[in-house]
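# Descriptive structure summary
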Amino acid sequence: MRLSLVHARYQLLETVRIPIALVGSAFFPAASMLFFVVPFTGDDPVIATYATASMVTFSVMSTNIFQYGIGVAEDRAQPWDPYLRTLPAGAAPRFAGRILAGLLLTLVSLLPVVVIAAVATEARVTGPAFLAALGTVVVVAVPFTLMGLAIGYSLPSKAAIVVAQVVFFPLAFGGGLLFPPGDSPGFIEAIAPYLPTRGAVELMWAAVGDFPVDRLALVMLGVWVVLLAAIAGWAYRRDEGRRFS
Amino acid sequence: MILARAVQATRRYGDVTALDRVDLELPAGELVGLLGPNGAGKSTLLSLLVGLRRVSSGRVELFGGDPRDPAARRQIGMTPQETGLPPTLRVGEVVDFVSAHYADPVPRAELLGRFGIDDLARRQTGGLSGGQKRRLAVALAFVGRPRLVFLDEPTTGLDVTARRELWDGIRQFHADGGTVLLSSHYLEEIEALAHRVVVLGHGRVLADDTVSAIRDLVGVRRVSLVAPELPPLPGVRAVERVDGITHLLTTDADQLVRDLVHSGVSFADLEIRPSSLEDAFLAITETQPDTQPQPDAHMQSDAQAQSAAQAQPDGQVQSDAQAQSAAQAQPDGQVQSEPQPGQPQPAQPADV
């Protein structure tokens, strides 16, 4: 446990030393907030709150896909990683440290979204709803963390960058994150429940408002978690086998 | 006590056999050099011993356990490749980070001081010179107060002064009872540091003996002198004249000198030198046929005279007993196994 924290600390230190990486992960959600939410939600607090929840989900997704997908792929290319494996610790502290650091960075990247929502829109949440949303962030981070790990462990870093960029926008768009609940174009309403983003955003909506979660989207989210965990686990073991067997 | 051991360790990558039934024992307190051309299997052997890779067959042991078990790695130290240091972290942070993995690490200032880089603690590793990175990388091997360190080409990229300083550090560690397995491309480095040398080629142990014994495998000595015309002398394998100095290569320097004196020819500046480890290394690694090694063809040093020439093709020359006794008998670091007069010399011709 102590070692996991040490690893998390140095992981964060490495990230913070290149601040543009932090800015990058916070930029997309904040910009989307400014361009798509602030001008269009008007003075309806419910729509503004739902839209903010969508952007939070968007942010959780993009941060995790990018930081794990690209971060892991880049680390795998470095000889530092195998060196760490000669130290008297297993792979667990490194892994746990990475997840801890990732969660913290995810929360940091949410700050601009939340600040913009509070200052520039009518979005409002109660204290308990805010806490529920915070907990939901951790829950919805799971599938996207797994997706990032699956990308990072199965692809070389150049390919990982491309794949991360290619998947994140269709997932956001197709999951209906860029539209108010129930107001997406028809084809999106049709495909959305089958994407992990939909189940995630519905959980966020339910946390901050009075939103009935679609059973199909939730089941599919569970399916995605299992599927992505299997792919990530497979890629991790295959990678271990290649480099360390 | 044997700190690390490989028993018939074999490692294949797909169809390629990188390591072929390698036997190796590292007793406590030894400083062993690992020599071999690129692709000989040095890195693979090291990676098996530190738990980075699994054997395809055979086994490896570290402190009596499996190197892949973190507990077995508590008392080892290893150098990372200097290109891998996290560029954004400061030198002090890298040391602290690695220290956190050990129960009783060397304090940061003491460690950096020992390797002459205490003034760099605040610098990011990405901004260090190649030599500075190398020193940091070697320093990291010693953070956890190891009993056994694996140094993979520790002085590559260092200038002469820095290399000597690092050698002193390694000698000091060894003098304090530490065990070292050192791979190097510099034969000079192995000759300067190691008592025992293991030569790898094509994934097999070609020789495992004291440095001087390996050198003697070639069996040739260089007798240099300044003289006018020399009479024909028995036992001379080659004659070179460079800058007025005559170099005679012989397998029996003692007899050659006796013959020289008896011949009555006038000479000056007589010098007798053993052939270098480099000569031996080239002779051992170049005469490698693709035959399978035969376990019963391992030869002992004392049988060397009779069968050096025949043993070469079998690829195995081993005298563990001698290597160990020599290393232990001379704790001051001087391993001498100069052949006694009258002892038959190996008859392996050298390429000169």
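Residues numbered from 1 in each chain as written. Chains lettered and ligands numbered in written order. Predicted model: local features only at pLDDT ≥ 70, side-chain atom pairs only at ≥ 80, totals over all residues. Heavy atoms only, no water.

Under an unreviewed UniProt entry, chain B has the name ABC transporter ATP-binding protein and belongs to Plantactinospora mayteni.

For chain A, an unreviewed UniProt entry supplies the name ABC transporter and the organism Plantactinospora mayteni.

### With respect to the overall build of chain B
Helix and strand content of chain B: 11 helices and 14 strands. A total of 352 residues make up chain B; the buried ones form 51% of that total. Excluding contacts between residues fewer than 6 apart, the proportion of contacts in chain B whose partners are at least 24 apart in sequence is 67%. (Helix = DSSP H or I, 4+ residues; strand = E, 2+ residues; numbered from the N terminus. Buried < 20%, exposed > 50% of the residue type's maximum accessible area, 1.4 Å probe, protein only. Contact = heavy atoms within 4.5 Å.)

### Some thoughts on empty space enclosed by the protein
Residue and element names in this part refer to chain A. Following the criterion strictly, the structure yields two cavities of 30 Å³ or more and no others. Of the voids in this model, the largest cavity is the one considered here, and its volume is about 240 Å³. Lining the largest cavity we find 20 residues, and of these D81, R85, A91, R94 and F95 sit closest to its centre. Elements with a minimum of two residues in the lining of the largest cavity: α3 (45-77), α4 (80-84), α5 (92-120) and α10 (215-244). No other element matches α10, which puts four residues into the lining of the largest cavity. (1 Å grid on protein atoms, 1.4 Å probe; cavity = no way out; pocket = protein on both sides within 12 Å on 5 of 7 lines; lining within 4 Å. Points joined across faces, edges and corners; volume = space filled by probe spheres on them.)

### Brief notes about the side chain of K42(B)
Residue and element names in this part refer to chain B. Positionally, K42 belongs in helix α1 (residues 42-49). A polar contact is formed between the side chain of K42 and the backbone oxygen of G36, at a distance of 2.6 Å. Dropping the residues within four chain positions of it, K42 is found in contact with L34, L35, G36, P37, E153, S183, H185 and L200. (Polar contact = N/O pair within 3.5 Å; in protein donor to acceptor, adjacent residues only side chain to side chain.)

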